[in-house]
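# Secondary and tertiary structure notes
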Amino acid sequence: MGNKAVFVDRDGTINVDGPYLSDPDKFEMYSGVGESVKKLKEDGFKIIVMTNQSGIARGYFTEDVLSKIHERMKMKFSEFGVKLDGIYYCPHHPDDDCECRKPKTVLFKKAIKEHDIDVNQSYMIGDKILDVCAGQKIGVKTVLIPEAHSRNEFLSNKNEWKCVPDYVADDFMKAVVWIIRTRNYNLNIQ
Ligand SMILES: [Mg+2]
Ligand SMILES: [Zn+2]
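## Observations concerning the overall build of the protein
Looking only at helices and strands, the protein has six helices and six strands in total. Reading the protein from its N end, one meets helices and strands in the order β-α-β-α-β-α-β-α-β-α-β-α. The globule rule puts the C-alpha radius of gyration for 190 residues at 16 Å, and the 16 Å found for the protein is close to it. On the principal axes, the C-alpha backbone points of the protein span a range of 50 × 40 × 30 Å.

Following this line, the structure appears as structure tokens:
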């Protein structure tokens, strides 16, 4: 049957979006994320971070710096007793037309294989429509957390969304409450 997982976008979802965050000291996790991810882990979900990092191809930072940022992220999660199960990133430029940059799904497929993930029990959380599109392609349920500063404008342009999420949440904690509720619902109807 495989493992259930929540794929989580990084910038703008776990941490404040830089953009092109290139300094580990400036990694700032949103409040509520650590506690909420802990709840997901306690509920049996694997947590897999999926992130586009074109700042590498653009020459803004190196893979070594990225790994330091990810060490910082892991440290922040460990303060909540959380161990992330995987971090996958695309280092390419959008113009490179690689197969791993979201909304493409090569990294998801790799993670599904490496962690024996059952997509039918799994979710994607992100702040961009491309996160939703990627999640839908691999067959998980999707939650969108629009950025607070552009939320109203974003929500009023729903007809322009390329992919429609299963749920739109105000923040990470609400996204997780919804996931835990719907996964119980899925169990009850089996
Ligand atoms: Mg993002
Ligand atoms: Zn790529």
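## Thoughts on the sheet that holds strand S2 (residues 46-52)
Working definition: the strands of a sheet are paired by backbone hydrogen bonds and lie parallel or antiparallel to each other. Pairing in this open sheet of six strands is parallel, and the strands run S3-S2-S1-S4-S5-S6 from one edge to the other. Bordering the open sheet on either side are strand S3 (86-90) and strand S6 (167-168), each of which pairs with just one other strand. In this sheet, strand S4 (residues 123-126) lies alongside strand S1 (residues 5-9) in parallel orientation, the contact comprising three bridges. From the neighbouring strand, Val-6 faces S4, where its bridge partner is Tyr-123. Set on the sheet, helix H4 (residues 129-138) makes contact with S1, S4 and strand S5 (141-144); between it and S4 the angle comes to about 170°.

## Some thoughts on the pairing of S4
What you see with S4 is no split at all: Tyr-123 and Ile-125 on one side and Met-124 and Gly-126 on the other are buried throughout. Strand direction decides the pairing type here: S4 and S5, joined by four bridges, are parallel. Counterpart to Gly-126 in the pairing with S5 is Leu-144. Traced from S4 through H4 to S5, the parallel crossover comes out right-handed.

## A word on H4
When H4 is considered as a whole, its buried residues turn out to be Asp-131, Val-132, Cys-133, Ala-134 and Gly-135. Contacts made by the buried residues of H4 are with S1, helix H3 (106-114), S4 and S5. Gly-139 sits one or two positions beyond H4 and adopts a positive phi of about 95°.

## Side note on the nonpolar core
Counting 41 residues, the largest nonpolar core has Val-6, Phe-7, Val-8 and Ile-125 as the members making the most contacts within it. Setting aside its immediate chain neighbours within four residues, Phe-7 contacts Ile-48, Met-50, Phe-108, Met-124, Gly-135 and Val-140.

## Some details on unusual backbone geometry
Note the cis peptide between Gly-18 and Pro-19, where omega equals -5°. Mapped onto the elements of the fold, Pro-19 is located in the loop between S1 and helix H1 (33-42). A cis geometry characterises the amide bond from Lys-102 onward to Pro-103, with omega recorded as 15°. Summarising the element assignment, Pro-103 is placed in the loop between S3 and H3.

Conventions used here
- Residues numbered from 1 in each chain as written.
- Chains lettered and ligands numbered in written order.
- Predicted model: local features only at pLDDT ≥ 70, side-chain atom pairs only at ≥ 80, totals over all residues.
- Helix = DSSP H or I, 4+ residues; strand = E, 2+ residues; numbered from the N terminus.
- Rg over C-alpha atoms; globule rule 2.2 N^0.38 Å.
- Pairing = 2+ DSSP bridges.
- Contact = placed C-beta atoms within 7 Å.
- Axes fitted to C-alpha atoms, helices over the stretch in contact; angles between N-to-C directions.
- Buried ≥ 20, exposed ≤ 12 C-beta atoms within 10 Å, placed from the backbone.
- Right-handed = clockwise from strand over helix to strand, strands pointing away.
- Core = buried A, V, L, I, M, F, W, Y, C linked by C-beta atoms within 7 Å.

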